Amino acid sequence: MRAVLTWRDKAEHCINDIAFKPDGTQLILAAGSRLLVYDTSDGTLLQPLKGHKDTVYCVAYAKDGKRFASGSADKSVIIWTSKLEGILKYTHNDSIQCVSYNPVTHQLASCSSSDFGLWSPEQKSISKNKSSSKIICCSWTNDGQYLALGMFNGIISIRNKNGEEKVKIERPGGSLSPIWSICWNPSREEHNDILAVADWGQKLSFYQLSGKQIGKDRVLNFDPCCISYFTKGEYILLGGSDKQVSLFTKDGVRLGTVGEQNSWVWTCRVKPDSNYVVVGCQDGTISFYQLIFSTVHGLYKDRYAYRDSMTDVIVQHLITEQKVRIKCKELVKKIAIYRNRLAIQLPEKILIYELYSEDSSDMHYRVKERIVKKFECNLLVVCANHIILCQEKRLQCLSFSGLKEREWQMESLIRYIKVIGGPPGREGLLVGLKNGQILKIFVDNLFAIVLLKQATAVRCLDMSASRKKLAVVDENDTCLVYDIDTKELLFQEPNANSVAWNTQCEDMLCFSGGGYLNIKASTFPVHRQKLQGFVVGYNGSKIFCLHVFSISAVEVPQSAPMYQYLDRKMFKEAYQIACLGVTDTDWRELAMEALEGLDFETAKKAFIRVQHLRYLELISSIEERKKRGETNNDLFLADVFSYQGKFHEAAKLYKRSGHESLALEMYTDLRMFEYAKDFLGSGDPKETKMLITKQADWARNIKEPKAAVEMYISAGEHVKAIEICGDHGWVDTLMDIARKLDKAEREPLLLCATYLKKLDSPGYAAETYLKMGDLKSLVQLHVETQRWDEAFALGEKHPEFKDDIYVPYAQWLAENDRFEEAQQAFHKAGRQREAVQVLEQLTDNAVAESRFNDAAYYYWMLSMQCLDIAQDPAQKDVMLGKFHHFQRLAELYHGYHAIHRHTEDPFSVHGPETLFNISRFLLHSLPKDTPSGISKVKILFTLAKQSKALGAYRLARHAYDKLQGLYIPTRFQKSIELGTLTIRTKPFHDSEELVPLCYRCSTNNPLLNNLGNVCINCRQPFVFSASSYDVLHLVEFCLEEGITDEEAISLIDLEAPRPKREDRQREIINNSSQILQLVETKDSMGDEDPFTAKLSFEQGGSEFVPVVVSRLVLRSMSRRDVIIKRWPPPLRWQYFRSLLPDASITMCPSCFQVGGHSSSSRVPLSATFPLPRCPSGRPGPWEEEHIHSSKLGKRFGCPRPYLHSMCI
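On a predicted model such as this, the values are computed, not experimentally measured, just so you know.

About the thresholds
Residues numbered from 1 in each chain as written. Predicted model: local features only at pLDDT ≥ 70, side-chain atom pairs only at ≥ 80, totals over all residues. Heavy atoms only, no water. Pairing = 2+ DSSP bridges. Helix = DSSP H or I, 4+ residues; strand = E, 2+ residues; numbered from the N terminus. Axes fitted to C-alpha atoms, helices over the stretch in contact; angles between N-to-C directions. Parallel < 35°, antiparallel > 145°, perpendicular 65-115°, else oblique. Left-handed = near helix turned anticlockwise from the far one by under 90°. Contact = heavy atoms within 4.5 Å. Nonpolar A, V, L, I, M, F, W, Y, C, P; charged D, E, K, R; others polar. Phe/Tyr/Trp six-rings, centres within 6.5 Å; stacked < 30°, edge-to-face > 60°. Buried < 20%, exposed > 50% of the residue type's maximum accessible area, 1.4 Å probe, protein only. Lys NZ or Arg CZ within 6 Å of the ring centre and 35° of its normal. UniProt positions renumbered as here; feature names shortened; annotations may be inferred. pLDDT = per-residue confidence, 0-100. Salt bridge = Lys/Arg side-chain N within 4 Å of Asp/Glu carboxyl O. Core = buried A, V, L, I, M, F, W, Y, C linked by side-chain atoms within 4.5 Å. Polar contact = N/O pair within 3.5 Å; in protein donor to acceptor, adjacent residues only side chain to side chain.

Chemist: Give me the lowdown on the sheet that holds strand β53 (residues 534–539), citing residues and values where you can.
Modeler: Sheet architecture is open: three strands sit in the order β53-β54-β55, paired in antiparallel fashion. Two strands close off the open sheet at either side, each with one partner strand: β53 and β55 (550–555). Direction aside, the axes of adjacent strands within the sheet are offset by 25° on average. Judged from the five bridges that link them, β53 and strand β54 (residues 542–547) form a sheet pairing that is antiparallel. Across the sheet, F534 pairs through a bridge with L546, a residue of β54.

The structure is reproduced here in structure tokens:
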């Protein structure tokens, strides 16, 4: 850094303060009682301003440049406009010491010895605040929120815009260290506001807005009178009793002297946004300086090191753009960089740094050595183990420990020095002298080698990568290139100020000058483009350019020199240039030129760069053909031309090389059929057919299907024609093609039929299948189109297709809810397992969806299916077990349907007695593992509710007790809890009218039967009505061994007459009385029913003994008294005898369920039955067995009189 005096003037009085106009054009000085206005460009005094009556101590300009203010010892503050007119004046109680404008709101702070005031243009009055001590200086923060006041007693007070104190900083020196000058750092990049403080304790300090000190106090050794920041806050100016202005970094590191004066420096300021400094002294001297910061830097290949903020060194990787900052905290004087070494010269020492690793991208440096010694040198160079100091004509080589190892004395001044590499400790230096000598020096050798000598002074030097050529820029701005071995001048170019060889290409260099960059390859003409700055390096396609204080890497395409080589067909050299950096277009041009020049190796590498796979495949195929011995370059070039689109040239070369077929193939592939026909002329018919086929392919691709179909048919390509017709839905065309085809052409015919089937034309498809004789496909067509009548007719003629017809038919029926027909179809197809699986799935779905009536029906269907399968002896036992299981489930789900409807629906079609009977039936019938979907809670809840309503209180208690051990849904809890409480108020017995009667042994059974639905005395199973679930007056009997079902029917049908019973009473009438006499005879004792007599003899016992009847008993029975369940084999028929002949009982002949009327169910049987439903899904046909008696129930002494007047 050096200061150049621009202008100087002297006033009559001491310069107390200075202020720049924000645009930097004017300078306001406070000198004596006047303000002096200067032009900053040449130091002309524009105008003195008079307004104060005493010494002016301070002056400040507003940030917007519209007005400035001055404060004087006459206790007044004057506001001036930028036109130098006073517009406002106000006063304090004491002399004004300092003024400062808010940078944001333009609020003016004026400070006196006893108070400070805040004024703004919007206010009519000034708000003043008392101060505990004399205020010497003040400064606003960048955002204008806070004002710092420096006081005579050593205290710094930080106030807000309203004058309220927020922070108080007490300096250690107190009143012995008055705060003479303060200033906030104007930088916007700082995270915190930083206040610089200079006191007369001869110290410089820094504080944050919070009052926290930053770092330690810096001793100045003089009394500071003024402190000022540069516009961006990077430097500080400080002047005072040492009669000079010093430049400091923003951290307080002294960098040097700006200018020495003859008296105390009372004020100094920096011109806004510039490096100009003005200094005002006690003797009235005004000095205006320009600070020149020289560039201190070093470059080695892609690493550039330069000085920043005077005390820092930044190392920049020019390729990766990585940067690392090294803080030295002292003035950096020189920088040198070489490989992994970095040397930094400071005022009193030299620091040697090295990289942490050998990685080329590593940017971490550490200190290797310190040479604590002051050196004076013009140039500094660092090597692997040495540093080189250049002092005019002398070079000194020092080790890293600071010892001088060698020294070279030159004949003339050294103008340029550069390290050109070499082994560690033996590096070579390239040195250029003012007298034109160019030397090469090795650091381990005392003797310098003269490479050559020219007449003009050396300005810049560089040596090529192979060290065979030397480029020199002389003082006449001429670039001269020499051959080092022969000392011959190869060429020279004018207008050069710096030069650099390309480190990756021996024959390329660049030089700059006159605002242009010049690139020269070999002996070709120079390529020129605009560029500002100096060339300092050239690596590949990157040129490193130093412009002003920064270096940048400029990407320069090497297109021009590459095309220079291409013009001379020098493909390999052009490829080397392209590798340095050219555009993709240039790479493609190089690849094409090399390919046409049949330089396949270069072309291949170029196409790889642009990733052009088509041409790489071509080159690869040509190389393979060359390996196989092909040498016809015309054929190779024809392939190249065809790939490039030069088709006619390619066809000529194909023909010349004897490969006309390749030309024809090329034309047809390109759809150039007219050219192909012209080329073919009258050739082979096969080739003509091939040409027509390809033309049809092309017509198909360009969306002209009709033309393509015609051409395919003419070329005999029926399959392709059929595909197009099928894809476009042309049914008529398809049928025309199918009818014209011979039946032996199965492939196109089958394709026709397939498309006709897809296009919903089954009639045409059937015709095509018949033409082919493909009956299996015809059956499949009928099945897929659901034309079942045609399928059945075909199946009758050809039984081998039975399974192919009936299995899909059954599946279709099942999908349409026609399950009975589906079963029949499965049965016809012999697929019993599928029939069972369909029903099982339907049953599971019905249960899951709470359709319990449907579930009962499906279980009945399942049972009958199992019974049908049981006719197979191999499966008889298993299927019979399933039959009985499914029958029981059908009965359970039928009964539970009524319970579920009663608990879920708001209204019920069943009466209380029916619900009571059903719930008892289910409770006695449920197995240990309750079937899916059936809720015990609902059954018990219904039983409890209906038992209570009908007077079966004991049974209701039992049901409520059972419910307590089950999980009860929330919606039933309240009802069950209420019922549990109210049942306790009822008697502990059941109504006798509800007790069931066994019609075999006439035993009254309990309502809660542990044995289930059988008599507790004779173990005879009860027969329940399918409608009301009352116990019917039916007793099952078995046939004696040897009696067949047919014989039993014939015996029953005989209906042998019973002896007529004589009248057992005789009436005697006298004159005075009428007497009724009962007559008992022997014959009347044998008049009893044989079946009834058998019941009385066989009843009782712990084991169930069925009623077995003989032929005599069968003969005595009436056909109307017997109900027969005619089960299909392998089951035996079941026989039941009605014990109340006059009661009507009805049985369904399909499902064998029985029912009748009772007082508990007023609903007709036809409305509640069948259960499960008959296979037809509706009631009937019915078989009715009527039993009549004039004295109903008298014989059995029935305890329930209502049975005598109603149907069961």
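Chemist: Quick one: what's the story with the packing of helix α13 (residues 731–740) against helix α14 (residues 746–758), residue by residue and with numbers?
Modeler: For any two helices packed against each other, the geometry is given by the interaxial angle and the distance between the axes. The geometry of α13 relative to α14 is characterised by a closest axis approach of 10 Å and an angle of 155° between their N-to-C directions. What the angle tells us is that α13 and α14 run roughly antiparallel. When the axes of α13 and α14 are compared, the crossing they make is left-handed. Here V731, L734, M735, I737 and A738 of α13 come into contact with α14, specifically with L749, C752, Y755 and L756. Residues belonging to the contact of α13 with α14 are distributed by class as follows: nine nonpolar, no polar and no charged.

Chemist: Describe the sheet that holds strand β13 (residues 127–130), and please don't skip the residues or the numbers.
Modeler: Within the open sheet, the four strands sit side by side as β10-β11-β12-β13. Their pairing is antiparallel. Each edge of the open sheet carries a strand with a single partner, namely β10 (96–101) and β13. On average, each strand axis in the sheet is tilted by 15° relative to the strand beside it, whichever way the strands run. Here strand β12 (residues 115–119) pairs with β13 via four bridges, running antiparallel. When the sheet's bridge partners are listed, F116 is paired in β13 with N129.

Chemist: Residue-level account of the packing of aromatic side chains, with values.
Modeler: Throughout the structure, instances matching the rule amount to 30 aromatic pairs. A centroid spacing of 5.0 Å and a plane angle of 10° characterise the contact between W7 and F288, whose relative ring orientation is stacked. With W7 in strand β1 (residues 2–10) and F288 in strand β28 (residues 285–292), this pair connects stretches of sequence that are 281 residues apart. The exposure classification of W7 matches that of F288, with both residues buried. When the centroid spacing of 5.5 Å and the interplanar angle of 80° are considered together, the rings of F230 and Y235 count as edge-to-face. Y235 carries the same exposure label as F230, and that label is buried. Through a chain of ring-to-ring contacts, the aromatic side chains of W7, F20, Y38, Y276 and F288 assemble into a single cluster. The cationic tip of R528 hangs over the ring face of Y516; the distance from NZ or CZ to the ring centre is 5.2 Å. Over the ring of W1133 we find R1126, and its NZ or CZ is 5.4 Å from the ring centre.

Chemist: Describe the UniProt feature "repeat: WD" (unreviewed entry) in the chain, and please don't skip the residues or the numbers.
Modeler: In the numbering adopted here, UniProt assigns the feature "repeat: WD" (unreviewed entry) to residues 49–80. Each end of residues 49–80 is marked by a C-alpha atom, and these two atoms are 10 Å apart; helix forms 0% of the span and strand 59%.

Chemist: So what's going on with unusual backbone geometry? Residues and values would help.
Modeler: With an omega of 10°, the peptide bond running from P1129 to P1130 counts as cis. Take P1130: it is sitting in the loop between β60 (1122–1125) and β61 (1134–1138). The residue D273 is not glycine, and still its phi comes out positive at about 55°. Structurally, the position occupied by D273 is in the loop between β26 (265–270) and β27 (276–281). The backbone phi angle of S522 is positive, close to 50°, even though this residue is not glycine. Relative to the assigned elements, S522 resides in the loop between β51 (516–521) and β52 (527–530). The exposure class assigned to S522 is partly exposed, which follows from its relative accessible area of 25%.

Chemist: If you had to explain the pairing of β51 to someone new, which residues and values would you point to?
Modeler: Within β51, five of the six residues are buried, which leaves it mostly tucked inside the rest of the structure. In the sheet, strand β50 (residues 508–513) pairs with β51 via six bridges, with the strands oriented antiparallel. Each residue of the ladder has a partner; that of M508, found in β51, is A521. Turn length for the β50-β51 hairpin, with the two strands adjacent in sequence and antiparallel, is two residues, and the turn residue G514 shows positive phi of about 65°. Sheet topology places β51 next to β52; four bridges connect them, and they run antiparallel. Within the sheet, the bridge partner assigned to Y516 lies in β52 and is K530. Linking β51 to β52, which pair antiparallel, is a turn of five residues; within it S522 sits at a positive phi near 50°.

Chemist: Quick one: what's the story with the confidence of the model for the chain, residue by residue and with numbers?
Modeler: Note that predicted coordinates carrying low pLDDT should not be read in detail. Of all residues in the chain, 86% attain a pLDDT of 70 or more, and the chain-wide mean is 82. Long-range and interchain partners of residues 1080–1086, a stretch whose pLDDT sits below 50, account for two contacts in this model, where long-range means more than four residues apart. In the model, residues 1157–1208 has pLDDT below 50 throughout and makes 130 contacts with residues more than four positions away in sequence or in other chains.

Chemist: Which residues make up the environment of D9, and what values do they have?
Modeler: Secondary-structure assignment places D9 in strand β1. Given a relative accessible area of 25%, D9 falls into the partly exposed group. It is 8.8 Å that separates the C-alpha atoms of D9 and F288, two residues lying 279 residues apart in sequence.

Chemist: Lay out the environment of V59 with the relevant residues and their values.
Modeler: With respect to the helices, strands and loops of the structure, V59 is situated in strand β6 (residues 56–61). Exposure remark for V59: the relative accessible area of 3% places this residue in the buried category. Each C-alpha atom of the pair V59 and N16 lies 8.9 Å from the other, and the pair is 43 residues apart in sequence. Non-local contacts of V59, meaning those with residues more than four positions away in its chain, are made with D17, I18, A19, I28, L35, F68, A69, S70 and V99.

Chemist: Tell me about the pattern of salt bridges, and name the residues and values.
Modeler: The final tally for this structure, using the stated rule, is 34 salt bridges. Here D217 and R171 are joined by a salt bridge, their closest N and O atoms 3.4 Å apart. Taken together, the residues D217 in the loop between β20 (203–208) and β21 (218–219) and R171 in the loop between β17 (165–170) and β18 (179–184) connect sequence positions 46 residues apart. You can call D217 partly exposed: its relative accessible area is 26%. Given the relative accessible area of 5%, R171 is considered buried. The partner of E630 in a salt bridge is R625, with the nearest N and O atoms 3.2 Å apart. Relative accessible area serves as the criterion here: at 31%, E630 is assigned to the partly exposed category. Relative accessible area serves as the criterion here: at 13%, R625 is assigned to the buried category. What you see here is one network of salt bridges that share partners, running through R341, E354, R366 and K368.

Chemist: Go over the nonpolar core, please, and point to the residues and values.
Modeler: Counting residues in hydrophobic clusters, the biggest one holds 80 residues, and the most contacted among them are Y893, F1037, F1091, V1109 and L1114. The greatest single-element share of this core, amounting to 13 residues, is contributed by helix α21 (residues 852–869). Among all residues touching F1091, those that are not within four sequence positions of it are V1035, F1037, V1107, V1109, V1113, M1117, R1137 and L1139. In this structure, I335, A336, A343 and I417 belong to the second largest nonpolar core, which totals 49 residues.

Chemist: Tell me about the packing of α21 against helix α22 (residues 876–904), and please be specific about residues and values.
Modeler: Contact geometry for α21 and α22: axes closest at 8 Å, N-to-C directions at 165°. In this view, α21 runs roughly antiparallel relative to α22, as classed from their interaxial angle. Crossing handedness for the pair α21 and α22: left-handed. In the contact of α21 with α22, the residues fall into 18 nonpolar, six polar and one charged.

Chemist: For the side chain of H897, give the residues involved together with the corresponding values.
Modeler: Here H897 shows up in helix α22. If near-sequence neighbours (up to four positions away) are discounted, H897 is found in contact with F852 and N853.

Chemist: I'd like a rundown of the side chain of S187, residues and numbers included.
Modeler: Position of S187 among the secondary structure elements: in the loop between β18 and β19 (194–199). For S187, a relative accessible area of 11% gives the class buried. From its side chain, S187 meets the backbone nitrogen of E189 in a polar contact 3.1 Å long. Excluding anything up to four places from it in sequence, S187 contacts N142, K232 and G233.

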